[in-house]
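Chains, contacts and geometry: an overview
Listed below, chain by chain, are the residues.
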Amino acid sequence: MECRVDCTLQAFGMLQQMYHEATACNVATELLEVLVTVARLLKVVRHFEQIKPQETRAALEKWAKRMQLAHWLLNFLNPSTVDKIREVCLDILFHLVHLFPSDCVDTLLPVLEHTHRTVKPSGYKVLSGTFFPKKQRSRSVVSSHLGSRRMCELHMHLLPSLLEVEKGVDQDYDTALFNYFTPYHQFAFELIRVALTRCSEVQETAVNLSALLALEGACIHLKVAAEFWTQVISSKDKKLLPAFELFRQLPTAREYCETVLFTYRKSLSDVAIHSVVSRVFQKIHIKVLPSSRWQEFAETLVAAIVAERCSIEGQKVEIQMSTAQQLIGDLHALCMILSTGSHDLREFQPGVIDSLVDSLSFLSSLCCRVETKLKELRQHSVEVVTCSGSSEEKVDSAVNSSSKGTLDVVSKKRSEHRQGHRECSDGCNELLSPTKKARLEVETHVNGNSKDSDDAVSEDTVPCQDDQQPGREPAASVDLLWIEKIDDADEQKWLLGWTTSLMKVTDAIMKLVQ
């Protein structure tokens, strides 16, 4: 094994030098083949380490140039490297971290921390690369431009100045950015996790790197850092909890909290990001939001919530995901600043609290209606499937019992099944989907009185408790017939999760303002 590793490493060393320095040739394909071989070899080594740990560990300790390989791999992590090569390099680095944890922490962690710490968003010269995500650009798997010297350094910085548009404008561009940066952040936090659990002397470096990566990822709502610290908090590990306390005290963590709260509030709709940011804000809320800015920011949030409520109320089609996420983010931000208890709500301008309570009542009522519609839709789907399954069983029984009959008998039975299935489906639709009749009535009177249409819709909905309370707006003006057209289970799950989150945060704010 040692001989094969040395030969492969020697081939990789020559190819990586040609890739970075020889501008007149293209060795990307050959380099990718060698990297894939190294990745497979290390995967086999990790497997044998579990079967024969002593023999495998003894062989690994003889590999003297393992950290030289790690440095070479880091030099490929930049936008000048072909996507597939960069992905395989990260895969190999993951294997190295697990095979040589102490060596990787001592060698790689300071390099990553220094690289991200020395990058300043303001006045930073943007180093663009051929393979950095751009809008509407196709890239070959192993193609590479000739005639120019490629970047030979770690350069995986994520800065707002590098983005062409903000998150949410172009879904394909958002996906490309996510696929580009997420594997690197996952590798970095795996290295951080190993450092915090094995090497207490590098705890400060590891925590600082985590804060730097969290701050960089805020502009595209990257949640790798938030998920890492959420796992640390839930684990209740005595070795890791002090690291989170150190994280909350860092200036970079405060900057991360400010960036999310003031610029990227939509990301607070994610559970992990909201959990981490709220815990950091509780610790340093006076520094993040001093008294001189509190009232102005709180009233800005209330105005945004009222505007988003009006936007939802005026929509005649499905609630857009972007609007839903922005609303949840603003509500979470308002709940965070109100829960500190350091300010009196009487500081608000007259009418602000009333408009907030009115909007919260509307949203709470809307959640009840959406949840009721989703339950009706799920019940209808289950009943139709059950009815169809019963009909199929009857047909199969008839076919089996007529094994000695003729094909005409079988054909007759199947014809009866089809007719019965249509009748059964119609009966199910008539019994289990009262909203279907409401939709037909609305379509029939689409040019008539809109009030009659709204009444037809609201009659199909089971009244919520909030709708019966005086002073609560029933939110009946919002047309929810579009929910019946949702066939995808993931979309239904997302909508139900959004409704649940919205109800929780509106109830929490209502308790604070009352």
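Source: prediction; values computed, not measured.

Quick look at the packing of aromatic side chains now. Applying the stated criterion to the full structure yields eleven aromatic pairs. Judged by centre distance (5.4 Å) and plane angle (65°), the ring pair of phenylalanine 132 and tyrosine 180 falls under edge-to-face. Within this pair, whereas phenylalanine 132 is found in the loop between α6 (101-117) and α7 (171-198), its partner tyrosine 180 is found in helix α7, the two being separated by 48 residues in sequence. Above the ring of phenylalanine 362, the side-chain terminus of arginine 309 is found at 4.5 Å from the ring centroid.

Moving on, we come to the nonpolar core. Counting residues in each nonpolar core, the largest one holds 139 residues, and the members touching the most others are Ile85, Leu93, Leu96, Trp229, Ile337 and Ile509. Broken down by element, this core gets its largest block of residues, 13 residues, from α7. Excluding residues that lie within four positions of it along the chain, leucine 96 makes contacts with Leu42, Trp63, Arg66, Leu69, Ala70, Leu73, Pro101 and Cys104.

Turning to the state of the cysteines, a few remarks are in order. Taken as a whole and judged by the stated rule, the model has zero disulfides. Cysteine cysteine 367 shares no disulfide, and the gap to the nearest cysteine sulfur, in cysteine 368, comes to 7.1 Å. Taking relative accessible area as the criterion, cysteine 368 reaches 10% and is therefore assigned buried.

This brings us to the packing of helix α4 (residues 66-74) against helix α5 (residues 83-99). It is the contact of α4 with α5, at a shortest axis distance of 10 Å, that shows an interaxial angle of 150°. α5 is crossed by α4, and the crossing has left-handed handedness. Every residue of α5 that contacts α4 at Arg66, Leu69, Ala70, Leu73 and Leu74 is listed here: Cys89, Ile92, Leu93 and Leu96.

Taken as a whole, this structure holds 13 salt bridges when the rule is applied. For the salt bridge of aspartate 83 with arginine 86, the shortest nitrogen-to-oxygen distance reads 2.9 Å. Here aspartate 83 pairs with arginine 86, and both are found in helix α5, just three residues apart, close to one helical turn. Comparing aspartate 83 with arginine 86, the two get one shared label, buried. Each of Glu49, Arg57, Glu61, Arg66 and Asp103 takes part in a single network of salt bridges with overlapping partners.

Glancing now at helix α10 (residues 241-249). The complete set of buried residues in α10 reads Ala243, Phe244, Phe247 and Arg248. Across the axial projection of α10, the buried residues extend over an arc of 140°, all falling on one side.

This next bit is on the environment of glutamate 153. With respect to the helices and strands, glutamate 153 occurs in the loop between α6 and α7. Linking glutamate 153 and leucine 74, residues 79 residues apart in sequence, is a C-alpha distance of 6.9 Å.

Right, let's get into helix α12 (residues 271-288). Its 18 residues give α12 an end-to-end C-alpha distance of only 21 Å, which falls more than 12% under 26 Å, the value for a rise of 1.5 Å per residue. Looking at α12, one finds that the buried residues are Ala272, Ile273, Ser275, Val276, Val277, Ser278, Val280, Phe281, Ile284, His285 and Val288. Where α12 begins, the side chain of aspartate 270 points an oxygen toward the backbone nitrogen of alanine 272, at a separation of 3.1 Å.

With that settled, the discussion passes to unusual backbone geometry. Here histidine 221, not a glycine, exhibits a phi torsion of approximately 60°, which is positive. Take histidine 221: it is sitting in the loop between α8 (203-217) and α9 (224-235).

By the secondary structure assignment, leucine 77 is in the loop between α4 and α5. As for leucine 77 and leucine 90, which are separated by 13 residues in sequence, their C-alpha atoms are 8.1 Å apart. Other than its neighbours up to four places away in sequence, leucine 77 contacts Arg86, Cys89, Leu90, Leu93, Glu153, Leu154, His155, Met156 and Tyr184.

We now examine the packing of α8 against helix α11 (residues 251-262). The description of two helices packed together rests on the angle between their axes and the distance between the axes. In the contact formed by α8 and α11, the axes pass within 9 Å of each other and the chain directions differ by 20°. When the interaxial angle is binned, α8 and α11 end up roughly parallel. Crossing handedness for the pair α8 and α11: left-handed. Each of Asn208, Ala211, Leu212, Ala214 and Leu215 in α8 lies in contact with α11, whose residues at this interface are Thr252, Ala253, Glu255, Tyr256 and Thr259. Its residues assigned to classes, the contact of α8 with α11 comprises six nonpolar, three polar and one charged.

The next thing to look at is the confidence of the model for the chain. For the chain, the average pLDDT comes to 76, and 70% of its residues sit at 70 or higher. Confidence drops under a pLDDT of 50 for residues 138-149, and excluding neighbours within four residues, the segment shows 30 contacts in the predicted structure. Counting contacts from residues 401-414, a segment whose pLDDT is below 50, to residues more than four positions away or on other chains yields six contacts.

This paragraph deals with a nonpolar patch on the surface. A cluster of nonpolar side chains, namely Val44, Phe48 and Ile51, defines an oily patch on the protein surface of about 270 Å² accessible area. Following the sequence through the fold, valine 44 ends up in helix α2 (residues 28-51).

Next up on the list: the side chain of arginine 248. In this fold, arginine 248 is placed in helix α10. Leave out the neighbours within four places in its chain, and arginine 248 touches Arg279, Val280, Lys283 and Ile284.

The next thing to look at is the side chain of lysine 266. Examined against the element boundaries, lysine 266 turns out to sit in the loop between α11 and α12. Glutamate 166 is the oppositely charged side chain nearest to the buried, salt-bridge-free lysine 266, at an N-O distance of 7.4 Å. Setting aside anything within four residues of it in sequence, one finds lysine 266 in contact with His221, Ser322, Gln325 and Gln326.

Rules used in this analysis
Residues numbered from 1 in each chain as written. Predicted model: local features only at pLDDT ≥ 70, side-chain atom pairs only at ≥ 80, totals over all residues. Heavy atoms only, no water. Phe/Tyr/Trp six-rings, centres within 6.5 Å; stacked < 30°, edge-to-face > 60°. Helix = DSSP H or I, 4+ residues; strand = E, 2+ residues; numbered from the N terminus. Lys NZ or Arg CZ within 6 Å of the ring centre and 35° of its normal. Core = buried A, V, L, I, M, F, W, Y, C linked by side-chain atoms within 4.5 Å. Buried < 20%, exposed > 50% of the residue type's maximum accessible area, 1.4 Å probe, protein only. Contact = heavy atoms within 4.5 Å. Disulfide = S-S within 2.5 Å. Axes fitted to C-alpha atoms, helices over the stretch in contact; angles between N-to-C directions. Left-handed = near helix turned anticlockwise from the far one by under 90°. Salt bridge = Lys/Arg side-chain N within 4 Å of Asp/Glu carboxyl O. Arc of directions from axis to C-beta. Expected span 1.5 Å × (residues − 1). Polar contact = N/O pair within 3.5 Å; in protein donor to acceptor, adjacent residues only side chain to side chain. Parallel < 35°, antiparallel > 145°, perpendicular 65-115°, else oblique. Nonpolar A, V, L, I, M, F, W, Y, C, P; charged D, E, K, R; others polar. pLDDT = per-residue confidence, 0-100. Patch = residues over 30% accessible without salt bridge, like charges linked within 9 Å, V, L, I, M, F, W, Y side chains within 5 Å. Areas by Shrake-Rupley, 256 points an atom, 1.4 Å probe, with all protein chains shown as cover. Lys, Arg positive; Asp, Glu negative; His and termini not counted.

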